[in-house]
Amino acid sequence: MNAHDPKVSADHSNEIGMYAKRKSVFPKAIDGSFRRFKWLVMAVCLVIYWGTPWLRWDRGPYAPDQAVLIDMGNRRFFMFDIEIWPHEFYFVAGLLIMAGIGLFLVTSAVGRAWCGYACPQTVWTDLFQHVDRFIDGDRNAQLRLQKAPWGPAKIARRLLKWGIYLGISFATGGAWIFYFADAPTLQHDFWTGNAAPVAYATTFVLTMTTFIFGGFMREQVCIYMCPWPRIQTAMLDEKSLIVTYKDWRGEPRGSVKAAVKAATPLGDCIDCLQCVAVCPTGIDIREGPQIGCITCALCIDACDKAMAGVGRPRGLIDYCTLDDAEREKRGEVSVPILRTILRPRTLVYLGVWSAIGFALLFMLGQRTRVDLSVAKDRNPEYVTLSDGAVRNAYTLKLRNMEERPRTFRVALEGLVGGAVFTDEMDAAEAARVLTVDVPADTTRRLRVYALAPRGSQPADIAFVLTATDKEGGSDTSKTTFTTAQGNGQ
Amino acid sequence: MSKPRLDDATGVETVGHEWDGIEELNNPLPRWWLWSFYACIVFAIGYCVAYPAWPLIDHATAGTLGWSSRGDLDHEMKEESARRAGMLAELNQASIEQIATDPRLRRAAIDGGRAAFKVNCIQCHGNGAAGSAGYPNLNDDDWLWGGDVAAIHQTLVDGVRQPGDDATRTSQMPAFGRDGILTAAQVQDVVSHVRAIAGEEKPGASAQRGAAIFAANCVVCHGANGEGSRAVGAPALNDAIWLYGGDRKALTHTVTNARYGVMPAWGARLDPVTVKMLATYVHSLGGGEETPAPVPDPAAAAK
């Protein structure tokens, strides 16, 4: 793609065009172990993506029955038995950090596996390339059709193909909205025109981006738009397993016929160009590692097939570290694959990655489903009553994160002779302990006044929230009690 | 700057710049990229025509769509007031006592009252309603004119010492020193007595003399023990709360010159719903008293 086209600039050697026309890529169908692995990954990804929103999970009458649900309206995230509240967002942040470090780990071990197999752009591009082959035929037929003048037959084929693109785009892009609402209900509302406008807008945007990015832009997205290749290629080193052309073995290249006639012995590469023909991003792997390579390894399948055809050993193009390629060139034994993958760098990534994972699991096991937060009034800090008693005011937030209504006791701790009452009680009913009902899956705001007798000193106090049912659970929130003498320490 | 030339390794033209031997290849942009760029320019032009864009000397171009952020705000305000209309109508219908006993109305009134308080009341009573010298603290349990929600509501509606409002709260304390009713020494004795009954100082000879003066001049309004009277707005003197300060200087000034606090009659300035919300909010601040139960026997009421 970067190759200088002599025809363009033959007359104006200082001028080049404003744009480079995209060179369409017509990858040839290939079968092989990596191709089958790619099929498997695509199938697993699509099944998970489509199926997940339809899984049901009984959480009782007060919570949705969808196994995985991002409930933006109520600010809840449901994942099977785990329910994440907004103040627990650190779980999501932790998962994102794990995803980042996981990318470091995988990339430093086996190269751009994300790009090659799991990236949605790759999965959908692959899908659309199969559509191309289904409608237009394989590489040569596609090339012929591309060159053919527009006529009824070509137009019909193109419309059919784009229609299928659009259908796939709608089916896959539209499925995204089901993660954000009850899937069966939304499905019904969607077709009857009763869904929220944002559902239609999201479906439209995702359908069109899938249609355009997967159907038409393809490798252009990887090379010009996506920041990941830049980051991922920077994370590779000479010990990462990447798709490598062993030039020491392949060069100088020449056909089998040429090899017979050649004066000096030729390399193993028979220059059949099959590795270029099957490449979904249209690169020539024999030019070495490059940004256009997504390490999907289809060229390995193609090359192995070619080598088998001419009776030469497989692995001229292979998953190989640059270090090993050098070693093999010198005739040394390559490092065992396990030692390549488990080296200090990857082990450090693995250690950090699992440490965060275990920390998250630990916190998940530790977390209680009740929570109390206390905000003390600062204006006024304290109020003197007619009998000389001192009163402070607090706003308590009682979180009941269980999917059933619960009754909590809120106890005042650490104020001599003190008592509390709410703004819905009379001061005469003030007591050390309040009993509060909190509806299922709700935060209840409670205005609480703490009373201390005349002459009370500033004090450090705490509110202790305890669930009264047999599952229990409690939370303590410390605060201060202020009098005319100042704050507690 | 060297002349653009073809790079040997790639066959691509260089841009002609060179930094420490590093040159840049002049790779053309993808066509779709250029198209997107041109599309952005077209969009920007369209946007400038459709929406307010170009600042002029005293205004900006309005845009053909007539959109403005002020218009957006206006629209949202209208929607909001439409959303509130139902609750405001209910509050308008309900009496102040009904609001106090209906949790739903009460919650809405407290929220609305808090907002109205911030606009109308904090200038004197402070942001937290804690008041200051001369301006009552509304959080405490000391009320000159009564602390149940109906009494608070009436104080709000009619204000304090508002001419032209027959129901306005008016208390009349003589200026004992200035008008020569008491001598300066007698004033000091009364001050001693008042401070003694409030527990601010130990009773001494001066306080004993003051007790007699108090009995002769003050009990009519402030009560025999200085417990005050809400009927005439006379503050309790035997508690821990002082509106104008409880030290000798402040009390001497009060007895000598008397104090005449004022508050606007909010009934004449604000709509009835806002006043009800304000009363409910003030009542909720922690010192609110229960509304006295209505007298059940009409005969007893007549007597």
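These numbers come from a predicted model, not from an experiment.

**What to know about the overall build of chain A**
Argument step 1. Helix and strand content of chain A: 18 helices and 15 strands.
Argument step 2. Expected size for 489 residues packed as a compact globule is a radius of gyration near 23 Å; at 33 Å, chain A overshoots this value by more than 25%.
Argument step 3. For chain A, the spread of C-alpha atoms along the three principal axes comes to 115 × 60 × 50 Å.
Argument step 4. Across chain A, contacts joining residues at least 24 apart in sequence account for 69% of those joining residues at least 6 apart.
Argument step 5. Side chains of chain A give 56 positive and 50 negative charges; the mean places of these two sets differ by 7 Å.

**Side note on the confidence of the model for chain A**
Argument step 1. Looking at chain A, the pLDDT average stands at 90 and 96% of residues meet or exceed 70.
Argument step 2. Considering only residues more than four positions removed or in separate chains, one finds that residues 1-14 of chain A, a stretch of pLDDT under 50, has 14 contacts.

**Quick word on the packing of aromatic side chains**
Residues and elements named next belong to chain A.
Argument step 1. One pass over the structure, following the stated rule, counts 29 aromatic pairs over all chains.
Argument step 2. Between tyrosine 394 and phenylalanine 463 the ring centres are 5.2 Å apart and the planes differ by 70°, which places this aromatic pair in the edge-to-face class. Placement of tyrosine 394 in strand 9 (residues 390-400) and of phenylalanine 463 in strand 14 (residues 459-467) is noted, with a sequence separation of 69 residues between them.
Argument step 3. What makes phenylalanine 463 buried here is its relative accessible area of 1%.
Argument step 4. Members of the aromatic cluster, connected to one another through ring pairs, are Tyr49, Trp124, Trp176, Tyr179 and Phe180.
Argument step 5. A cation sits over an aromatic face here: arginine 35 above tryptophan 39, 4.8 Å from the ring centre.
Argument step 6. Positioned over the ring face of tyrosine 449 is arginine 391, at 4.8 Å from the centre of the ring.

**Concerning the pairing of strand 9 of chain A**
Within a regular strand, the side chains alternate between the two sheet faces.
All names here are of chain A.
Argument step 1. When you tally the buried positions in strand 9, you get 10 out of 11 residues, the bulk of the element.
Argument step 2. Of the pairings in the sheet, the one linking strand 7 (residues 370-376) to strand 9 comprises 7 bridges and is antiparallel in character. Its bridge partner lying in strand 9, lysine 376 is registered against tyrosine 394.
Argument step 3. Looking at chain direction, strand 8 (residues 383-384) and strand 9 are connected through 2 bridges and run antiparallel. Opposite threonine 384, over in strand 9, you have valine 390 as the bridge partner.
Argument step 4. What sits between the antiparallel neighbours strand 8 and strand 9 is a turn of 5 residues, in which glycine 388 has the positive phi angle 90°.

**Regarding the sheet that holds strand 4 (residues 82-84) of chain A**
To summarise the sheet geometry, strands pair through backbone hydrogen bonds and adopt either a parallel or an antiparallel arrangement.
Residues and elements named next belong to chain A.
Argument step 1. Strand order in the open sheet formed by 3 strands is 2-3-4, and the pairing between neighbours is antiparallel. The sheet terminates laterally at strand 2 (68-71) and strand 4, the two strands that pair on one side only. Each strand of the sheet is rotated relative to its neighbour by a mean of 10°, with strand direction disregarded.
Argument step 2. Looking at chain direction, strand 2 and strand 3 (residues 76-79) are connected through 4 bridges and run antiparallel. Its bridge partner lying in strand 3, aspartate 71 is registered against arginine 76.

**With respect to the packing of helix 8 (residues 183-192) of chain A against helix 9 (residues 197-217) of chain A**
All names here are of chain A.
Argument step 1. Between helix 8 and helix 9, whose axes approach to 11 Å, the crossing angle comes to 85°. By the angle class used here, helix 8 and helix 9 are roughly perpendicular. Here Leu186, Asp189 and Phe190 of helix 8 lie close against helix 9, whose contacting residues are Ala199, Tyr200 and Thr203.

**As for the environment of proline 174 of chain B**
Argument step 1. In this fold, proline 174 of chain B is placed in the loop between helix 6 (149-158) and helix 7 (184-197).
Argument step 2. C-alpha separation for the pair proline 174 of chain B and arginine 259 of chain B, spaced 85 residues apart in sequence, amounts to 9.0 Å.

**Quick word on the environment of isoleucine 177 of chain A**
Residues and elements named next belong to chain A.
Argument step 1. By the secondary structure assignment, isoleucine 177 is in the loop between helix 7 (152-173) and helix 8.
Argument step 2. Residue classification places isoleucine 177 among the buried residues on the basis of a relative accessible area of 7%.
Argument step 3. It is 39 Å that separates the C-alpha atoms of isoleucine 177 and arginine 447, two residues lying 270 residues apart in sequence.
Argument step 4. Setting aside anything within four residues of it in sequence, one finds isoleucine 177 in contact with Leu186, Phe190, Ala199, Thr202 and Thr203.

**Focus: the pattern of salt bridges**
Argument step 1. Scanning the entire structure with this criterion turns up 47 salt bridges over all chains.
Argument step 2. Here glutamate 90 of chain B ties to arginine 104 of chain B by a salt bridge, and the two come within 2.5 Å at their closest N and O atoms. Of this pair, glutamate 90 of chain B sits in helix 2 (residues 69-93) while arginine 104 of chain B sits in helix 4 (residues 103-120), and the two are 14 residues apart along the sequence.
Argument step 3. Given a relative accessible area of 34%, glutamate 90 of chain B falls into the partly exposed group.
Argument step 4. Within this structure, Asp132, Asp136, Arg157, Arg158, Lys161 and Arg218 of chain A form a network of salt bridges that share partners.

**Overview of the interface of chain A and chain B**
Argument step 1. On the side of chain B, 33 residues touch chain A, which itself brings 30 residues to the contact.
Argument step 2. For the chain A and chain B pair, buried surface summed over both sides reaches about 2700 Å², with 51% attributable to carbon and sulfur atoms.
Argument step 3. The partner of glutamate 424 of chain A in a salt bridge is arginine 107 of chain B, with the nearest N and O atoms 2.8 Å apart.
Argument step 4. Our count for the chain A to chain B interface comes out at 11 residue pairs in polar contact (both at pLDDT 80 or more).
Argument step 5. Among the elements of the structure, strand 1 (19-20), helix 10 (219-225) and strand 8 of chain A are those that each provide at least two residues to the side of chain A that touches chain B.
Argument step 6. For the side of chain A that touches chain B, the leading source of residues is helix 10 of chain A, giving 3 residues.
Argument step 7. Within the side of chain A that touches chain B, the residues separate by chemical class into 12 nonpolar, 10 polar and 8 charged.
Argument step 8. Of the strand pairs in this sheet, strand 1 of chain A and strand 3 (residues 29-30) of chain B are connected by 2 bridges, and their pairing is parallel.

**Observations concerning unusual backbone geometry**
Residue and element names in this part refer to chain A.
Argument step 1. Along the chain, glutamate 251 connects to proline 252 via a cis peptide bond; the corresponding omega equals -10°.
Argument step 2. By the element assignment, proline 252 lies in the loop between helix 12 (247-250) and helix 13 (256-261).
Argument step 3. Following asparagine 379, the chain continues into proline 380 via a peptide bond in cis, with omega recorded as 0°.
Argument step 4. Relative to the assigned elements, proline 380 resides in the loop between strand 7 and strand 8.
Argument step 5. One non-glycine residue, aspartate 271, adopts positive backbone phi at about 55°.
Argument step 6. You can see aspartate 271 is positioned in the loop between helix 13 and helix 14 (274-278).
Argument step 7. Taking the relative accessible area as the measure of exposure, aspartate 271 reaches 37% and is therefore partly exposed.

**Comments concerning the state of the cysteines**
Argument step 1. Evaluated as defined, the whole model comprises 0 disulfides over all chains.
Argument step 2. With no disulfide of its own, cysteine 115 of chain A has cysteine 119 of chain A as its nearest cysteine by sulfur position, at a separation of 6.3 Å.
Argument step 3. For the unlinked cysteine cysteine 40 of chain B, the closest cysteine sulfur is that of cysteine 48 of chain B, found at 13 Å.

**Re the side chain of aspartate 189 of chain B**
Residues and elements named next belong to chain B.
Argument step 1. As for its position among the elements, aspartate 189 is in helix 7.
Argument step 2. Of the residues examined, aspartate 189 reaches a relative accessible area of 9% and is grouped as buried.
Argument step 3. Setting aside residues no more than four positions away along its own chain, aspartate 189 makes contact with Ser206, Ala207, Arg209, Gly210 and Ile213.

**A closer look at the side chain of arginine 343 of chain A**
All names here are of chain A.
Argument step 1. Here arginine 343 lies in the loop between helix 17 (337-341) and helix 18 (344-366).
Argument step 2. Judged by relative accessible area, arginine 343 falls into the buried class, the value being 7%.
Argument step 3. From its side chain, arginine 343 meets the backbone oxygen of lysine 239 in a polar contact 3.1 Å long.
Argument step 4. When residues no more than four places from it in sequence are discounted, the contact partners of arginine 343 are Ser108, Ala109, Asp237, Lys239 and Ser240.

Each value, and the rule that gives it
- Residues numbered from 1 in each chain as written.
- Chains lettered and ligands numbered in written order.
- Predicted model: local features only at pLDDT ≥ 70, side-chain atom pairs only at ≥ 80, totals over all residues.
- Heavy atoms only, no water.
- Helix = DSSP H or I, 4+ residues; strand = E, 2+ residues; numbered from the N terminus.
- Rg over C-alpha atoms; globule rule 2.2 N^0.38 Å.
- Contact = heavy atoms within 4.5 Å.
- Lys, Arg positive; Asp, Glu negative; His and termini not counted.
- Charge placed at Lys NZ, Arg CZ, Asp CG, Glu CD.
- pLDDT = per-residue confidence, 0-100.
- Phe/Tyr/Trp six-rings, centres within 6.5 Å; stacked < 30°, edge-to-face > 60°.
- Buried < 20%, exposed > 50% of the residue type's maximum accessible area, 1.4 Å probe, protein only.
- Lys NZ or Arg CZ within 6 Å of the ring centre and 35° of its normal.
- Pairing = 2+ DSSP bridges.
- Axes fitted to C-alpha atoms, helices over the stretch in contact; angles between N-to-C directions.
- Parallel < 35°, antiparallel > 145°, perpendicular 65-115°, else oblique.
- Salt bridge = Lys/Arg side-chain N within 4 Å of Asp/Glu carboxyl O.
- Buried area = accessible area lost by both parts, 1.4 Å probe.
- Polar contact = N/O pair within 3.5 Å; in protein donor to acceptor, adjacent residues only side chain to side chain.
- Nonpolar A, V, L, I, M, F, W, Y, C, P; charged D, E, K, R; others polar.
- Disulfide = S-S within 2.5 Å.

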